[in-house]
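Next come the chains, spelled out residue by residue.
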Amino acid sequence: MEKHTLYSPHQSEENMVSHLAEKVLNEALLTHKIQKLRNEIDKTLENRDQALFMKLTEELNDLTEQLN
């Protein structure tokens, strides 16, 4: 008779792979957002927009913190 368990080793491996894929995707998205913000910050420097610069650098710091 075959014994059924709630979590088979195969399911556990699938869960680990799924979790790892999610982490990789989240890191890629954060990295993309960070690069986009850096480009926007460069534009604020060129335009001498101090208020927007402060806002965007705060967002950049928050995202960088999430990445680490």
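Residues numbered from 1 in each chain as written. Predicted model: local features only at pLDDT ≥ 70, side-chain atom pairs only at ≥ 80, totals over all residues. Heavy atoms only, no water.

Colleague: For the overall build of the protein, give the residues involved together with the corresponding values.
Modeller: Within the protein, the regular secondary structure consists of two helices and zero strands. When the accessible surface of the protein is summed, it comes to about 6300 Å², and 54% of that surface belongs to carbon and sulfur atoms. (Helix = DSSP H or I, 4+ residues; strand = E, 2+ residues; numbered from the N terminus. Areas by Shrake-Rupley, 256 points an atom, 1.4 Å probe, with all protein chains shown as cover.)

Colleague: Which residues make up the nonpolar core, and what values do they have?
Modeller: Membership of the largest hydrophobic core is limited to seven residues, which are Leu30, Ile34, Leu37, Ile41, Leu56, Leu60 and Leu63. With four residues, the single largest contributor to this core is helix α1 (residues 9–47). Once you skip the residues sitting within four places of it in the chain, Ile41 turns out to touch Phe53, Leu56, Thr57 and Leu60. (Core = buried A, V, L, I, M, F, W, Y, C linked by side-chain atoms within 4.5 Å. Buried < 20%, exposed > 50% of the residue type's maximum accessible area, 1.4 Å probe, protein only. Contact = heavy atoms within 4.5 Å.)

Colleague: Tell me about the side chain of Thr44, and name the residues and values.
Modeller: Secondary-structure assignment places Thr44 in helix α1. Once residues lying within four places of it in the same chain are set aside, the contact partners of Thr44 are Asp49, Leu52, Phe53 and Leu56.

Colleague: Report on unusual backbone geometry, specifying residues and quantitative values.
Modeller: In this structure, Arg48 takes a positive phi of about 55° despite not being glycine. Tracing the chain through its elements places Arg48 in the loop between α1 and α2 (50–67).

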